[in-house]
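Listed here are the chains, written in short residue letters.
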Amino acid sequence: MSAKTYLVALSFAFCGALSAVEDAGPPKKKDIKLTAKWFKLTQLVDEEIKTISTAGRLDARLKYRLLELYAEKMALVREKETKILLVSSLDERRQKGQEHYFKGSRDWYAKSVQLGQELIDKHPQFDDLAHVYYTMGINSRDFATDKRTEALLHLALKAVRLNTTASEALVHKVKTSLAEYYYNEKAYGRAISFYADVLK
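To keep things clear, this report deals only with the structure shown in the data block.

What to know about the overall build of the protein chain
Looking only at helices and strands, the protein chain features nine helices and zero strands. Taken from N to C terminus, the helices and strands of the protein chain fall in the order α-α-α-α-α-α-α-α-α. Within the protein chain, the proportion of its 200 residues that are buried is 38%. Here the contacts in the protein chain between residues at least 6 apart in sequence split such that 59% fall between residues at least 24 apart.

Here's what the structure looks like:
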């Protein structure tokens, strides 16, 4: 399925999703700690994921869009998981362990890694490959403990240099993320080097 054909299908899906959200009314009492905005975003993201996932054979552009959506879904799931953790009793936390509360976002992360690697392997000439590496690097930083952040951000930077269509904004984001990464790792010399590049 091409990106152009997908956009047509997506427009119908979004109309249905927006209508459903409007008809749904305020969140149920049991979900009161999650905002109306969270429910709207969750439904829209779920609708778009479903639309793409059931579209048949996907081109690189749609796979990348799906990767972006997985990142959005992870953030939404993690927000809910964190709220559940915070309202759980100390005894519950000790009994179940903290990792128990983040199973959903970990599962979405695993799906995103699989999809990202498929994109890299099957579409090595994709124009936005640098964005793929960057998205995977940020996902690793925010949702995992697999220590892939540094390597993926450097691959993003390398892909930017090889990719004439990549924007300066992406270079700025990658270098800023690397500076923050090295600062948090107490590798201050490397952090200062990337910060200096960003501030040029």
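Moving on from the model shown.
Some details on the pattern of salt bridges
For the structure shown, the criterion picks out 14 salt bridges. For D128, the salt bridge is made with R61, and the minimal N-O distance between the two is 2.4 Å. Note that D128 is positioned in the loop between α5 (103-122) and α6 (129-143) and R61 in helix α3 (residues 60-87), a separation of 67 residues in sequence. You can call D128 buried: its relative accessible area is 16%.

Quick look at unusual backbone geometry
Positive phi, normally seen in glycine, also occurs at K147, with a value near 60°. Assignment of secondary structure puts K147 in the loop between α6 and α7 (149-162). Not every positive phi belongs to a glycine, and K186 is a case in point at roughly 65°. Note on placement: K186 falls in the loop between α8 (168-184) and α9 (188-199).

So, the packing of α3 against α5
Axis angle and axis distance: for two packed helices, these are the angle between their axes and the distance between the axes, and together they describe the pair. Running from N to C, α3 and α5 point in directions that differ by 165°, and their axes come no closer than 9 Å. As far as their axial angle goes, α5 and α3 are roughly antiparallel. In the packing of α3 onto α5, the handedness of the crossing is left-handed. For the pair α3 and α5, contact is made by A60, K63, Y64, L66, L67, Y70, K73, M74, V77, R78 and E81 and by K103, G104, S105, W108, Y109, K111, S112, L115, G116, E118, L119 and K122, respectively.

Examining the nonpolar core
Ranked by size, the top nonpolar core spans 44 residues in total, and within it I49, L66, V132, Y133, Y134, V174 and L178 carry the most contacts. Taken together, the elements giving at least two residues each to this core come down to α2 (36-53), α3, α5, α6, α7, α8 and α9. For this core, the element with the highest residue contribution is α3, accounting for eleven residues.

Brief notes about the packing of aromatic side chains
Within the structure shown, the criterion is met by six aromatic pairs. The interplanar angle of 55° and the centroid separation of 6.2 Å between the aromatic rings of Y64 and F126 together place this pair among those described as tilted. Highlighted residues: Y64 in helix α3 and F126 in the loop between α5 and α6, separated in sequence by 62 residues. On the numbers, 5.3 Å between centres and 65° between planes, the contact of Y70 with W108 is edge-to-face.

Rules used throughout
- Residues numbered from 1 in each chain as written.
- Predicted model: local features only at pLDDT ≥ 70, side-chain atom pairs only at ≥ 80, totals over all residues.
- Heavy atoms only, no water.
- Helix = DSSP H or I, 4+ residues; strand = E, 2+ residues; numbered from the N terminus.
- Buried < 20%, exposed > 50% of the residue type's maximum accessible area, 1.4 Å probe, protein only.
- Contact = heavy atoms within 4.5 Å.
- Salt bridge = Lys/Arg side-chain N within 4 Å of Asp/Glu carboxyl O.
- Axes fitted to C-alpha atoms, helices over the stretch in contact; angles between N-to-C directions.
- Parallel < 35°, antiparallel > 145°, perpendicular 65-115°, else oblique.
- Left-handed = near helix turned anticlockwise from the far one by under 90°.
- Core = buried A, V, L, I, M, F, W, Y, C linked by side-chain atoms within 4.5 Å.
- Phe/Tyr/Trp six-rings, centres within 6.5 Å; stacked < 30°, edge-to-face > 60°.

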